Amino acid sequence: MFSFLGGFEKRMEIVGIVESIVNRKNRNMELERLFDDNDFLNLVFSVLLYIMEKTLSEDADCDSEHILKFMEAILPKYYVVQLDNNQLHQLTDYIIKNVLQNEGIAYHFKAVDYAHDARKNITIRLIADHVQEVNGGYKITYALTDQGYDFLFRTKEVDQEIQMTIEELKLKELIKRKNFKKAHDQSRNLIQMVRQKKKEIQLFMLKIKENIHDADIGQYEKLINSTYDLLNEEYDLLSEVMDMSRKSEEKLRLEYESSLNLDASIKKAQAEIKQINYNIRATLSEQRDLILSRQSLSKVYIDTIGDSLAYGMENRYDIEELILKQMEQNVEQVERFWQLVNPLFLPNVYKNINIRSIYEPQGMIKLEEAEKQDFIEDEDLSEDYEQEKIERVNVIYVEILDYLLRQALKNNGACRLEDIICSLEDEQDLFHRLTEERMLFTTLLKLYDIGVVNLAEWRNQEDKVVMNLSEEFNLEYCLYQLMDKYDYVHSVDKFEILKDTDDLIEIEVSRSIQEDLHVLEKIEVSNFMIRVEEQDEQR
Amino acid sequence: MSSVRTAIEIFKVLLDHGQLDRDAHSDLFIEYLNSEVQEVLSEFEDEMECRIIKINNTIYLFPNHDNSLLGFKNKDFREWIGSNARLSDVYLSYYITMFILYKFYSGKNKNPKQREFIRVMALIDELDQRFEAILNNNQEDVIETEEDLNINLIRIAEVWNQKIVYEENKEQQSMVPY
């Protein structure tokens, strides 16, 4: 639910460690009272660090005697406490046994584990004791646990360089102790750390690119120098570590040869050493990358500084300071300030009025033209009207063709125009519609022109294309429409309009143009014969 | 200075101000009288589609009729008058210009200049009368005149009247107490 609480118990481990030392029970107030305020705690942590230092850097054991000597050395000078030998022994014992080891009782800290909604028992153990057999007797030595190391590393100001050195020292230690599993983890950490350093450099580079003024030279130098020092040091250490791991491998091999028994632990150790070697190689290559990125960091830094200086050398206007404020203070001069932005404008040529153009002949503006403002809409409308008209005209063409065919079929496949007009005149509406703009007669003439229309053939054609419609008679379109609408057309094979006689018929068409205005048209037309042939089986 | 350079300088002043006065640029004015300079300028005239003419103590640059770079076209006038200006507004402005020129320079003797200034109100009054006359005349006669002279009279008279009515309305409106 709350992602930020992920791994909370891990954080609490540190708190638990501090708590284990600060809130101890069964305090020996007699000893603790010897120290001012927090001095005792300081001493405890100093002892911890001593153990770490002793076990890691000096590669030696650390027993209570060493610790005693250490305290003896620092107490008078830094804590202004003078103790006799007995007191020193008591104090050493108290710090090692009671404070750091909780009298040998495991110390637990209960941390909330949000992920599992549970309390996690964290065992706190900072130092571990080892019993060694020396000259027939026993000696107890102390070393930090991993938890102890972890804790102490974190209490220090995190410096990759130092941390890394210690990581490596620890690795060295671990390899010596044949604790290869840990060494394996450590070598993995090494890679992580080099990568982190690399990332640090990348981030710094980004910072430089974003704004050079945010990146100060000290920071840059520190980063560069620390990287360089670190790498120098790391190389030696790493090759040493590699050496050691090689030696350990050798040792393992010898062990194996002597016992001729490859037990599981040796196998595991071998695999781990192999992994360690691999990780070390990876670390080396990462370090090489680090050097390269350090170089590019230097380049970016120098380039950016160069650019920044170049920009700095340019005389650039501080718009607010040099222009806006000046304008506000010298309002009467504002017009002059505009000259500053002149280069941004297109050239403005002085235009002269040509007197002649005033006397030039003018196109006559018609009143209605001048009033019309929405030309575009008008154009649209006129197109619409046109389209509307085309559609209406074509519907009539289809009606005409349909009527002609039906009449012919009704009369056994042949019919004269005279008869068609006669029957058409019975249906006044249809008559008027079909004779509108003399469409009936022009259609007849066109069909006569076309001659025989072979419908059967047309039906079988694959590529029937209907062109854009116009006000003209379009036979194909009409046939298409008829086929779509009426079944009878499917049985028509062919039809034609013949002129087999010179007879003329006269047809009168009257129409009203306005309310009181009627026009009577007289049309003379040949008495055509319309002949329709049906398919054989239909006859 | 070479004659080309001088010609360019003269042309630059003309481009900048539309004219070159003897008082302001006496050296250039004298150089203009140099025939070599005039030769170069005449090439400018050809290429830039304009004419450079000296009248008394001033040199003027006149763009050719259809020169949209240095001169105005109907479109420019329309933009100049306003974004919703129509061609009739432009023609009206032409008529008014003609009328102003007429009011100033209608003398027929050696110096045609008739007056030094005209009051805007006086100009408006006279224009009112002119346009009223156009509208009250026999329309057929006016149309004949229009066709003869290739000039819109009725239309611009109407446009003029519309503008006056508009102004009056505005005044009336502003007198209505809130």
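Since the structure is predicted, the reported quantities are computational estimates derived from the model, not experimental observations.

**Observations concerning the overall build of chain B**
At step 1: For chain B, the count of helices and strands is eight helices and three strands.
At step 2: Seen in sequence order, chain B has helices and strands lined up from the N terminus as α-β-α-α-β-β-α-α-α-α-α.
At step 3: Relative to its 178 residues, chain B shows a buried fraction of 18%.
At step 4: Within chain B, contacts between residues separated by at least 24 positions form 40% of all contacts whose residues are at least 6 apart in sequence.

**A look at the overall build of chain A**
At step 1: Within chain A one finds 20 helices and 10 strands.
At step 2: Taken over 539 residues, chain A has a buried fraction of 19%.
At step 3: Nonlocal contacts in chain A, meaning residues at least 24 apart in sequence, comprise 67% of its contacts between residues at least 6 apart.

**A look at the interface of chain B and chain A**
At step 1: Each partner contributes residues to the interface: chain B has 24 residues there, and chain A has 16 residues.
At step 2: For the side of chain B that touches chain A, the elements supplying multiple residues, two or more each, are helix 1 (3–17), strand 3 (58–63) and helix 5 (87–105) of chain B.
At step 3: If one sorts the elements of the side of chain B that touches chain A by residue count, helix 5 of chain B sits on top with six residues.
At step 4: Here the side of chain B that touches chain A is composed, by residue class, of 12 nonpolar, eight polar and four charged.

**Comments concerning the environment of N189 of chain A**
At step 1: Tracing the chain through its elements places N189 of chain A in helix 8 (residues 180–210).
At step 2: Counting along the chain gives 90 residues from N189 of chain A to N279 of chain A, while the straight-line C-alpha distance between them is 9.2 Å.

**Things to note about the sheet that holds strand 7 (residues 492–498) of chain A**
Whether parallel or antiparallel, the strands of a sheet pair through hydrogen bonds between backbone atoms.
All names here are of chain A.
At step 1: Strand order in the open sheet formed by four strands is 5-10-7-6, with antiparallel pairing between adjacent strands. The open sheet has two free edges, formed respectively by strand 5 (414–416) and strand 6 (453–454), since each of these has just one partner strand.
At step 2: Pairing of strand 7 with strand 10 (residues 529–534) involves six bridges; the strand directions are antiparallel. Counted as the bridge partner of K494 is E533 from strand 10.

**Re the confidence of the model for chain A**
At step 1: Across chain A, the average pLDDT comes to 78, with 82% of residues at 70 or higher.
At step 2: Counted against residues more than four places away or in other chains, residues 370–380 of chain A, with its pLDDT under 50, gives five contacts.

**Details of the sheet that holds strand 1 (residues 19–21) of chain B**
All names here are of chain B.
At step 1: Taken in spatial order, the three strands line up as 1-3-2 in an open sheet, and their pairing is antiparallel. Unpaired on one side and paired on the other, strand 1 and strand 2 (50–55) mark the two borders of the sheet. Shown here is a sheet whose adjacent strand axes are inclined to one another by a mean of 15°, direction ignored.
At step 2: With six bridges joining them, strand 2 and strand 3 adopt antiparallel strand pairing. Bridge pairing in strand 3 places K54 opposite I59.
At step 3: Contacts from helix 1 reach strand 1, strand 2 and strand 3 within the one sheet, and its direction differs from that of strand 1 by about 115°.

**Notes on helix 3 (residues 35–48) of chain B**
At step 1: The terminal C-alpha atoms of helix 3 of chain B lie 19 Å apart, and with 14 residues this matches the ideal 20 Å at 1.5 Å per residue to within 8%.
At step 2: Immediately beyond the C-terminal end of helix 3 of chain B, within one or two residues, lies E49 of chain B, with a positive phi of roughly 55°.

**As for the nonpolar core**
All names here are of chain A.
At step 1: Counting 26 residues, the largest nonpolar core has L404, L405, A408, I530 and V532 as its most contacted members.
At step 2: A per-element tally of this core places helix 15 (residues 375–410) first, with seven residues.
At step 3: Excluding anything up to four places from it in sequence, L404 contacts I420 and I530.
At step 4: Counting residues in hydrophobic clusters, the runner-up holds 23 residues, among them M52, M71, I95 and F151.

**Topic: the packing of helix 4 (residues 74–81) of chain B against helix 5 of chain B**
All names here are of chain B.
At step 1: Two elements in contact, helix 4 and helix 5, have axes separated by 9 Å at closest approach and are oriented at 95°. Looking at the two axes, helix 4 sits roughly perpendicular to helix 5. For the pair helix 4 and helix 5, contact is made by N74, F77, R78 and I81 and by L87, D89, V90 and S93, respectively.
At step 2: Residue composition of the contact of helix 4 with helix 5, by class: four nonpolar, two polar and two charged.

**Structural notes on unusual backbone geometry**
At step 1: Phi is positive for E49 of chain B, which is not a glycine, with a value near 55°.
At step 2: Structurally, E49 of chain B can be placed in the loop between helix 3 and strand 2.

**Topic: the environment of I156 of chain B**
At step 1: By the secondary structure assignment, I156 of chain B is in helix 8 (residues 154–175).
At step 2: Every residue in contact with I156 of chain B, bar those within four places of it in the chain, is listed here: S88, Y91, L92 and Y95 of chain B.

**Notes on the environment of S512 of chain A**
At step 1: Here S512 of chain A shows up in strand 8 (residues 504–514).
At step 2: Residue class for S512 of chain A comes out exposed when judged on the 9 C-beta atoms lying within 10 Å of it.

**Observations concerning the confidence of the model for chain B**
A low pLDDT means the predicted coordinates there should not be read in detail.
Residue and element names in this part refer to chain B.
At step 1: A residue-level look at chain B finds 91% of positions with pLDDT of 70 or above and a mean pLDDT of 83.
At step 2: Counted against residues more than four places away or in other chains, residues 170–178, with its pLDDT under 50, gives zero contacts.
At step 3: Of the two predicted TM-score estimates for the complex, the pTM is 0.33 and the ipTM is 0.71.

**Regarding the pairing of strand 10 of chain A**
For a regular strand, side chains alternate in direction, first toward one face of the sheet and then toward the other.
At step 1: Alignment of strand 5 of chain A against strand 10 of chain A, held across three bridges, turns out to be antiparallel. Within the sheet, the bridge partner assigned to R416 of chain A lies in strand 10 of chain A and is M529 of chain A.

**Here's the deal with helix 7 (residues 139–149) of chain B**
Since the α-helix turns once every 3.6 residues, residues separated by three or four places project in the same direction.
At step 1: Taking burial as the measure, the 11 residues of helix 7 of chain B include zero buried ones, a minor fraction of the element.
At step 2: Where helix 7 of chain B terminates, the next one or two residues include N150 of chain B, which has phi positive at roughly 55°.

**Considering the packing of helix 1 of chain B against helix 3 of chain B**
To characterise two packed helices, one gives the angle between the axes of the helices and the distance between these axes.
Residues and elements named next belong to chain B.
At step 1: Contact geometry of helix 1 with helix 3 gives a least axis separation of 8 Å together with a crossing angle of 55°. Taken together, the axes of helix 1 and helix 3 are oblique relative to one another. Helix 1 and helix 3 meet at a crossing whose hand is right-handed. Contact with helix 1, carried on its side by S3, V4, T6, A7, I10 and F11, involves E36, V37, V40, L41 and F44 of helix 3 and no other residues of that element.
At step 2: A per-class count over the contact of helix 1 with helix 3 returns eight nonpolar, two polar and one charged.

Rules used throughout
- Per chain, the residues get numbers from 1 upward, laid out in the order the sequence is written.
- Working convention: letters from A go to chains and numbers from 1 go to ligands, in the order in which they are written.
- pLDDT decides what is reported in this predicted model: residues at 70 or higher carry local features, side-chain atom pairs at 80 or more are listed and counted, and totals for whole chains, interfaces and linings draw on all residues regardless.
- Segments assigned H or I by DSSP are reported as helices when at least four residues long, segments assigned E as strands when at least two residues long, and all are numbered from the N terminus.
- Whether a residue is buried, exposed or partly exposed follows from its count of other C-beta atoms within 10 Å of its own C-beta, namely 20 or more, 12 or fewer, or something in between, respectively; the C-beta atoms are built from the backbone.
- Contact between residues is assigned whenever the C-beta positions, reconstructed from backbone atoms, fall within 7 Å.
- Classification used: nonpolar for Ala, Val, Leu, Ile, Met, Phe, Trp, Tyr, Cys and Pro, charged for Asp, Glu, Lys and Arg, polar for all others including Gly.
- Paired strands are those between which DSSP finds at least two bridges.
- The pLDDT value expresses, per residue, how confident the predictor is, ranging between 0 and 100.
- Structural elements are reduced to axes, namely lines fitted to C-alpha atoms, with helices fitted over the stretch in contact, and the angle between N-to-C directions of any two is expressed from 0 to 180 degrees.
- Expected span, for any helix, means 1.5 Å times one less than how many residues it has.
- Each nonpolar core consists of buried Ala, Val, Leu, Ile, Met, Phe, Trp, Tyr and Cys residues. Their C-beta atoms, within 7 Å, join them into a set.
- Note on terminology: angles under 35 degrees are roughly parallel, angles over 145 are roughly antiparallel, angles of 65 to 115 are roughly perpendicular, and the others are oblique.
- What makes a crossing left-handed is the near helix being turned counterclockwise from the far one by less than a right angle; a clockwise turn instead makes it right-handed.

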